[in-house]
Amino acid sequence: RRGKMATVWERSLLEIGSAERDFPAWRDMRADLGVNAIPGVKYSDSAGGFFYEESGKLQSVTRNRFIHWTSSGDTLQLIEQSLDTNLLNNAVRLKFLNCHVLPSGVHVHETHDRVTLLIATNQTVHRIILPHPARMYRSELITEGHIQSIFTDIGKLNLRDPAHSFLIPGSHSHAVNSAASATWLNSDGEALFALAAASGGIMIIQLPEQDTAGSAALLELKQSSVMQRLLTGWMSTAIRGDQCPSDLPVSLAVQLLEHDTFIFSLCQDHKLRLWSYKDQICLMVADMLAFMPASKELRHTGSLGHKLRLAYSSSGFFLGVYLHCPKRGQFCVFQLVCCIESNRYSLDHISTLFSTQETLVDFALTPTDIWAVWQDEDNQTNVRYINFEHNHAGQWNQVFIQPAADEELHVPEDQDPKETYLEYLFASGRFTPQALLKALQIYCRGADRILDPTMDGLKKEVTLAVENAIQNSVTEYEFSQEVYRQLQVEFWSKFYACCLQYQEALARPLALLVNVSTNMVCLLKKGFISFMFPCLTIDHLYMSSDEGLFLEDECSITDDPEIARDLLQLVQCLRLVGDSITMEMASLMETAVSHLQPPEKAAEQIMEHLLARDTETHMELQSKLQDIRNPGNIIQLLLREMDLEGDLESSNGPPLHIRMNMAQFYGSNVAINVVCQAAYHISMTRFLICRDLLILQQLMLHVGDGVSLGAGGYLLQLQQELIPRTSLLVCTYFVMRWACQSLASAVPVDTLESNLRQLSVLELSDSNALTSQRAASSLRTVVELFYQQVARKHILSRLLSQDNSPLNHSLINWPQIGIVIANYLLQYLWANNTSFLFPEFLMGHCQYVQLQEYVRLLQPWCEVNVGSRRFVLGQCYLATGEGYKALECFRDGAAAVGREEFLDRLIRVEDEDAVSNPRVHYYNKVLRLLEDMGLPDLVLQLTAIAVTEARDDWKILAMLWTKIFKHHLDLGHNHQAYESLTQNPDTSRQLDCLRQLVVVLCERYQLQDLVEFPYINLHDKVVGIIESRARAVDLMTHNYYELLYAFHIQRHNFRKAGTVMFEYGMRLGREVRSLQGLQKQVHCYLVGINCLRQIRPEYAWIVRPASGAMYERPGASPKRSHDGEYTAIQVCRSIDIVELKDLEKEYMLARTRLELVKHDPSSAAVAGNASAEEIVSLLVQVGLFDTAISLCQTFKLSLTPIFEALAFKCIKLQFNGEATQAAAWDWLKTNQMPSVVATKESSATNEAWRLLSAYLDRYQSHSSQYHHCIINKLLSHGVPLPNWLANNYKKMDMAGLLRLYLYYDLLEEAVDLVLEYIDALLGKGHQYFGIERPLSATAPLVWLPYTAIDQLLLALGENQSNVNNARLREKLEMKLEDYHQQVEQATRDMSSYRRQ
């Protein structure tokens, strides 16, 4: 955001630490060339770095990529870093046995296809060749978040390979007291090392090109201009001349030319020598003391502290020389000048700059600036830089160094010491993991006890260690809370002191790393690396001391110098207030804002404390305030500069290939850390500025008009406008600072999945704030996670779409891009901006605790996105199981629908329905969310509110009433469910709800409620639903027919009830062929009979569909013929009237079936729907003769099948064994036996014959057909007729018996019967044939079955050879002749009698 004044102070920088949040995954390698350690050799720790040549180009593979290293003793640690992507396998640790790495002995050289590391120790030199990043990846577009480092395959290299290592011979050893070194690669690919020789001069070691058969060579450059090679091979040459140790190089530098290599050597005799490697001669000697004032005393003493640096630009070579002298030092900058005519070189002195008395650690030279880092006596680090050409005042620009952690930690009375110390120790960027681990190991007196070397594991180990130490120190079992708190503070402060000690050691500066192409400056420290970040204008003024502000700075603030002076005066007042505030005073403001109290009240309290405590400061403030002409306008100017409110609407993005190439720009962990730390420092500084300004304003109010403060009339403006605005900024920056420090919570995978499901319900899963759903790491703050996954892409999109964006240039400018990205990040965090990305991100990534705190802090003062914040807070409550709080938040959020972008996006305002009634659609989204969470109580409450909002929109009302019905029904609120369905204006939805109500209540067996509902205007629909369900489901598992029966009985509709039960019984007979089904069928018919008996006889009938009819079921799919045409359903409309007597007969038949199945379960499959005739047949088969006779009598059926079956059973019993006899008793018991008591010898056969005889006596027939069928059955099976049966039948139908004898060829029995009958007619035994009076003139007429007798005579006469037949025939003919005579006599007597 550019605006009223310059945002970035061009010459001011701020140090931003970039310590790793976890332990580096070092890969260790050893280089052992078999050397022995040289005693007494020790070098200081050192560091260095290398930027790739194209690291500043936007379209390069090596963009924002660099290597840095630190060396200590025999160990060299190298790390490759990228600001864009996280590099895998990027940390390697090399150990050179018995050697010491030279402080400046590591050099990196880049060619088009490889990266070469040249390493010099005090006894060896090494070359490591690695692939160039451009050759490692298939595409020049790096779109992945993780890629391989060039160190990935370094483990495959052999560090002892003679082609890439060289042991310095003892005769030409390296100078112990000088660490100077320089390296280069020549055009042939050979690696060359320039080292300080022990004998003075420069020792050159040459390693042959890779994969060649050459060998290493060694030579020395000495003061003499003559060089002669004495030996070849491994023996070095010596230069003849004076051997003076004064020419010992203390700093070396190399510059490659087209046909030569220049070696610059700054020696301990204060002379700078220029050597030509090609000609191996010294081209120039320049005395540096000539440029140092008062240097006579230095000529006889050497110095090992001189440093030499080179810089190259289009205008030529620049040499930067630091001349170290006791108690002073100075920088000299020269330009190398060549006289073409004489081919001689000289130095053109450009500038001399004096430095402080502090110890110089390192310096770097660019074509325009000198960068230097010092360390004072208190081990405080100072970094400054200066333009060596255009700074005539010699004033260095200050870099604000990251302050060390507080030496003592203040623990408020209301906080737990353990929590306070843990929060401070593990805050983002405060302590490195290495410092914490080292402190823990010393504290525990154990080196290898850390099982989980992560920040989370380390936190647990630290807590456990301190708690154990507290417990071990306690000798009493009980002590007060105050004593325990003191012990906590004591032991935690001890551990904290250990951490401070090791953090200070790791924060010791070692070197500066400057990238000329990107203007990036890094400070390399022993344990980590930090970056120099541009400082904002107001921040610079506030943090600078009065001595650090110049007149030119005043003119740079604004075009009006008077306003600039007033602003500087105001900032000085703020700094004075800030310096006067104690820790307790600062805690007042922190507590007030944290506890949602007005900041202006806390500022007033602090102001009163200041007035009571420090009168001098009060007077000085009044004096400075009086110098400000218009305080109100200056304060307004300051507030406008610190207000980040602005438009953050996204614009059209850049082309695809550019977006892909920029996909990972500043996306690595390092860049995330730097940008977010910068945001934290800005927000922290701005909070302090606003706090001090608020206190100053309270002081101005307190002073009032009593003292003339510039232009009058500003007090009212101060009270009504400026103080509220300042108070708002205090709260805003407090929240931003809190967010930058708040650690993200680790989220379980199942919680993420549940959250993603909820977001899908809300249709927010594709939101810009939810681009990634990875589990958060506890090592990152929420702002870092927000920048990594959401904000960075939005910021890049905005930058790439702007015409004046720093990303529209081919080269990267780190200060410009860094501050713009940090500024945009702060704008996305700015609570009063319309952007809702940050809280939406917290919601989408399950950072519920942080989101609740964020909303709480904003609640009293932020009036932007109020409804959206209430909505996401409701999401938090849902996730934590506080549903009723969530409902309240959702209700509050509805008031902002239509006014806030997030809520509009939530309801998809492009939908026409949503535009017409957005609040109802908001409620609908929330209802879907609550339904997905399984919270029906909350759904009902919110739906009731939504109904009042829907007004006359019948579609929405129908949907809402359907929801109400559904959830009431789910909760078992049956009456409320019924009431809600009656309110539904949509008849189709109402019918669906009614159908669901019927089904659910039936499944729950809550039939009483279902029957008792009034169903006003719904009676026919509910009957149709129940009927449809009854006809569509299994009869044995659902009781819809019984429900329908109860429904009609409740309304006294007995005919309908009877019809239902009759249909139920019919279906049971057809579909349920089992004992249970028959029992239900009998019950149904009996209930139906009872129903009809409640009606007057003339109305006691029901309708039964005729055979072949089918139900017209609602909702049935249409049927098609074989050619695909719809076919009309043939519905049979014929009906059958069923009266009460018909139903009683059906009941009788059903009961008979039931009795049959009870006696014989195997008959259930066929008995269920069998007719009466079929049932009779089944009954007699199992011996249920009484039941069969009863059924026959009911349906007026013949008893003949019954008598035949019983006769057959008698036959079987008579001729079968004992088993059959025993089984016969089972069916005999089921029938009503005669009352005559049987004898002891009575058998089942006898009982069966008795039963048959009893039936013949009980059920008489006029035609004696039952006797006939029985005798026929017996004779057909060749069973002789029982006498009682034959006697009974011949009394009834002698002719019938005769015919049966003849039919079965029983001639003898037939003859006997005829003879006996004739005798009876003639008066002998006539009572046995039922003849009342024998043949006489006065008796009734008698007859003979002549046809049968003729057939008998014919049969007897057919076989003349049969004597018996002949005898019988004769006997029969004689009897007939006698009979005929008697008949004639009787006839004559009767005639005469009549004549008389």
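Just above sits the structure.
Residues numbered from 1 in each chain as written. Predicted model: local features only at pLDDT ≥ 70, side-chain atom pairs only at ≥ 80, totals over all residues. Heavy atoms only, no water.

What follows is about the sheet that holds strand β22 (residues 316-325). Here we have four strands laid out as an open sheet, ordered β21-β22-β23-β24, and antiparallel in their pairing. Unpaired on one side and paired on the other, β21 (307-313) and β24 (344-354) mark the two borders of the sheet. Taken pair by pair, the neighbouring strands of this sheet meet at an average axis angle of 25 degrees, ignoring direction. Judged from the eight bridges that link them, β22 and strand β23 (residues 328-339) form a sheet pairing that is antiparallel. Paired with Cys325 across the strands is Arg328, a residue of β23. (Pairing = 2+ DSSP bridges. Helix = DSSP H or I, 4+ residues; strand = E, 2+ residues; numbered from the N terminus. Axes fitted to C-alpha atoms, helices over the stretch in contact; angles between N-to-C directions.)

We now examine the environment of Gly1183. Mapped onto the secondary structure, Gly1183 falls in the loop between α36 (1172-1182) and α37 (1185-1195). The buried category is assigned to Gly1183, whose relative accessible area is 0%. For the pair Gly1183 and His1159, spaced 24 residues apart in sequence, the C-alpha separation works out to 9.5 Å. (Buried < 20%, exposed > 50% of the residue type's maximum accessible area, 1.4 Å probe, protein only.)

This brings us to a nonpolar patch on the surface. A surface patch of nonpolar side chains, about 240 Å² in accessible area, is lined by Val1103, Ile1135 and Ile1137. Positionally, Ile1137 belongs in strand β33 (residues 1135-1139). (Patch = residues over 30% accessible without salt bridge, like charges linked within 9 Å, V, L, I, M, F, W, Y side chains within 5 Å. Areas by Shrake-Rupley, 256 points an atom, 1.4 Å probe, with all protein chains shown as cover. Salt bridge = Lys/Arg side-chain N within 4 Å of Asp/Glu carboxyl O.)

With that settled, consider the pairing of strand β4 (residues 65-72). The buried fraction of β4 is high, at seven of eight residues. Following β4, the chain reverses through two residues before pairing antiparallel with strand β5 (residues 75-82); Gly73 in that reversal takes a positive phi of roughly 65 degrees.

One pass over the structure, following the stated rule, counts 38 salt bridges. Note that Arg114 is salt-bridged to Asp113, the shortest N-O span being 3.9 Å. Assessed through its relative accessible area of 26%, Arg114 is described here as partly exposed. In this structure, Lys963 engages Glu931 in a salt bridge whose closest nitrogen and oxygen atoms are separated by 3.0 Å. Taken together, the residues span a long stretch of sequence, with Lys963 in helix α26 (residues 954-971) and Glu931 in helix α24 (residues 918-933) at a distance of 32 residues. The class for Glu931 is partly exposed, based on a relative accessible area of 25%.

We now examine the packing of aromatic side chains. Scanning the entire structure with this criterion turns up 48 aromatic pairs. Measuring from ring centre to ring centre gives 5.9 Å for Phe318 and Phe388, while their planes differ by 50 degrees; the resulting arrangement is tilted. Placement of the pair is Phe318 in strand β22 and Phe388 in the loop between β27 (381-387) and β28 (397-400), with a sequence separation of 70 residues. Between Trp374 and Trp396, the aromatic rings sit 5.3 Å apart at their centres with planes inclined by 85 degrees, giving edge-to-face as the arrangement. Taken together, the residues span a long stretch of sequence, with Trp374 in strand β26 (residues 369-375) and Trp396 in the loop between β27 and β28 at a distance of 22 residues. Residue Trp374 shares its accessibility class with Trp396, and that shared class is buried. Among the aromatic residues, those joined into a cluster by ring pairs are Phe51, Phe66, Phe531, Phe533, Phe665, Tyr666 and Trp814. Lying over the aromatic face of Phe363, Arg309 brings its terminal NZ or CZ to 5.1 Å of the ring centre. We note Lys494 situated over the ring of Phe491; from NZ or CZ to the ring centre the distance is 4.9 Å. (Phe/Tyr/Trp six-rings, centres within 6.5 Å; stacked < 30°, edge-to-face > 60°. Lys NZ or Arg CZ within 6 Å of the ring centre and 35° of its normal.)

Turning our eyes to something else, we now look at the packing of helix α9 (residues 599-613) against helix α13 (residues 669-703). The contact between α9 and α13 brings their axes to 8 Å, and the two run at 70 degrees. Classed by the angle they form, the pair α9 and α13 counts as roughly perpendicular. In this structure, α9 meets α13 at a crossing whose hand is right-handed. Taken together, the residues of α13 that come into contact with α9 (itself represented by Pro599, Glu600, Ala603, Glu604, Ile606, Met607, Leu610 and Leu611) are Leu694, Ile695, Gln698, Leu699 and His702. Taken together, the residues that form the contact of α9 with α13 break down as nine nonpolar, two polar and two charged. (Parallel < 35°, antiparallel > 145°, perpendicular 65-115°, else oblique. Left-handed = near helix turned anticlockwise from the far one by under 90°. Contact = heavy atoms within 4.5 Å. Nonpolar A, V, L, I, M, F, W, Y, C, P; charged D, E, K, R; others polar.)

Considering the arrangement of structural elements, one finds Ser251 in strand β17 (residues 249-256). Taking the C-alpha atoms as reference, Ser251 lies 8.6 Å from Arg309; in sequence the two are 58 residues apart. In this structure, Ser251 is in contact with Ala180, Phe264, Ser265, Leu266, His306, Lys307, Leu308 and Arg309, ignoring residues within four places of it in sequence.

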